[in-house]
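Commentary on secondary and tertiary structure
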Amino acid sequence: MPQRIDTLRILHVDDDEIDQEMVRRCLARRGDVTIHQVSSIAAIRDAVELHGSDIVLLDLNLDGLRGTASVERVLELGIDLPIVVVTGMDDAVGLHAIEAGAQDYVPKEDMHPQRVWRTLTHAVARWRLQRYDDDETEPFHRRYAIEAVIGRGRATVAYRVRHRTLQSLHTLKFLGPEDQPRHARLLREGRIQAQLNHPHLVRVTDVLTTCREVGLVLEHVDGVPLREWMAAGEHVQSDWLDLVRGLARGLRAAHRAGYVHGDLSPACVLVERGTRPVAKIGGFGALGPTPSPVDDDCLGYVAPERAAGRDVGPRADLFSLGCLLFELACGTPAFRGATPGETRKLVQLGRHAEVQLLNPRVPTGLARTIEQLLRPDPAQRPPDCDALLDALAPHRTPGPSPRDLAARTPEVTATVWMGTDPELQRPQ
């Protein structure tokens, strides 16, 4: 069995004293880290033998080397340790370093302590996961090859992996050892999504557990999170109402199987690329025997009964779907306060701008359905996904909101937003 990561021993290789000090300060407050620093690749072997190390944190521009040459030089030493590179360049350089043999990378201009710690512990955990072997479990690395980092969540990292025998693509959603309280939720997510087989739900095909690390193997969706898809303005020229109908059908399948999502937000929805975008929901598992706390970035999407810790049913997911509908139709979230507490209060009171005030192109019937979904009292929302699909059936996707048009055509912004409502004029 792999050893537990109780104290992370980092060997930092950098010949710049300012950068060395930056790394020391970045991780100074953690009591579960020891850092040894050397200034050349030639000193790595002796430092590992003298101090012992779990990981090499390597500056790319070292010993006069450029690009991925420093990674290749470290690998030539034959030291069986994961490598995370620090680069001040763009992401492409970090991805090239991964292709050369590094586990991950950290941008020098984004040395946030929590991100650095998570990147390092995930790299070590994944390194050990790939080498895990016993009489009963086939090692992960014999079945799957990790090809690239494709996403990062609050507590997870997603990798594109390929099954070595079948040559099929999958996504590995990996939770590192520092996130033990989230392990139970991730395993619940795996069990639920493994039992649900629907074109609008992300399917889980395998679970990987070793010591304190947990990973889910999911179907690979060639797409982007809904938030990113909207930020790129893709919804302006797409049939987003049909996309929402797909989400409602996926939720209907989950509800019929007895599962409520509870945390549906743009972060849980992937939009598959193609001429006709298809949305898939993941991230089930929030509502176990002890429901997981609501993350601040989800507060504007979860139902008030969920945020208040009360019992939730399928109508909680309809509230969340209403939030997504509102944002797609109006170009702005339904509930967004200056602070998490203010957002929570807006949700509890059901206070949001009128749909047709933000987008006059939305038909009255569709606007009424969206506003019904957002009511604080679950009894006043549609009873189930079938009722919602019936309400959406007569409507076509309306034209883009003035806010979306303004985002795509900056020169008309001043003309569009000449109103008296200060909420509409506030920059988003």
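Right, let's walk through the structure included here.

This part is about the overall build of the protein chain. Of regular secondary structure, the protein chain possesses 18 helices and 13 strands. For the protein chain, with 428 residues in total, the buried portion stands at 50%. The contacts of the protein chain with a sequence gap of at least 6 include a subset with a gap of at least 24, amounting to 64%. Counting only carbon and sulfur atoms, one obtains 48% of the accessible surface of the protein chain, whose full area is about 19,900 Å².

What follows is about the side chain of aspartate 59. With respect to the helices and strands, aspartate 59 occurs in strand β3 (residues 55-59). Residue aspartate 59 is classed as buried on the basis of its relative accessible area, which comes to 4%. In contact with aspartate 59, other than residues within four places in its own chain, are Val13, Asp14, Asp19, Ser70, Val86 and Lys108.

Quick look at the environment of glycine 331 now. As for its placement among the helices and strands, glycine 331 is situated in the loop between α11 (314-330) and α12 (340-349). Take glycine 331: its relative accessible area is 25%, and that puts it in the partly exposed class. Separated by 28 residues in sequence, glycine 331 and asparagine 359 place their C-alpha atoms 8.5 Å apart.

Before going further, it helps to spend a moment on the nonpolar core. In terms of nonpolar packing, the biggest core is built from 51 residues, with Trp229 and Leu321 touching the most fellow members. The element best represented in this core is α11, accounting for 11 residues. Not counting residues up to four positions away in its chain, the partners in contact with tryptophan 229 are Val224, Glu234, His235, Ser238, Trp240, Leu243, Val271, Pro277 and Leu328. Listed in part, the 33 residues of the second largest apolar core include Ala47, Leu65, Val71 and Val161.

Glancing now at a negative patch on the surface. Among the surface-exposed residues, Asp15, Asp16, Glu17 and Asp63 lie close enough to one another that they form a single negatively charged patch. By the element assignment, aspartate 15 lies in the loop between β1 (8-13) and α1 (17-26). Under the relative-accessibility criterion, aspartate 15 is labelled partly exposed at 43%.

Conventions adopted
- Residues numbered from 1 in each chain as written.
- Predicted model: local features only at pLDDT ≥ 70, side-chain atom pairs only at ≥ 80, totals over all residues.
- Heavy atoms only, no water.
- Helix = DSSP H or I, 4+ residues; strand = E, 2+ residues; numbered from the N terminus.
- Buried < 20%, exposed > 50% of the residue type's maximum accessible area, 1.4 Å probe, protein only.
- Contact = heavy atoms within 4.5 Å.
- Areas by Shrake-Rupley, 256 points an atom, 1.4 Å probe, with all protein chains shown as cover.
- Core = buried A, V, L, I, M, F, W, Y, C linked by side-chain atoms within 4.5 Å.
- Patch = residues over 30% accessible without salt bridge, like charges linked within 9 Å, V, L, I, M, F, W, Y side chains within 5 Å.
- Salt bridge = Lys/Arg side-chain N within 4 Å of Asp/Glu carboxyl O.
- Lys, Arg positive; Asp, Glu negative; His and termini not counted.
- Charge placed at Lys NZ, Arg CZ, Asp CG, Glu CD.

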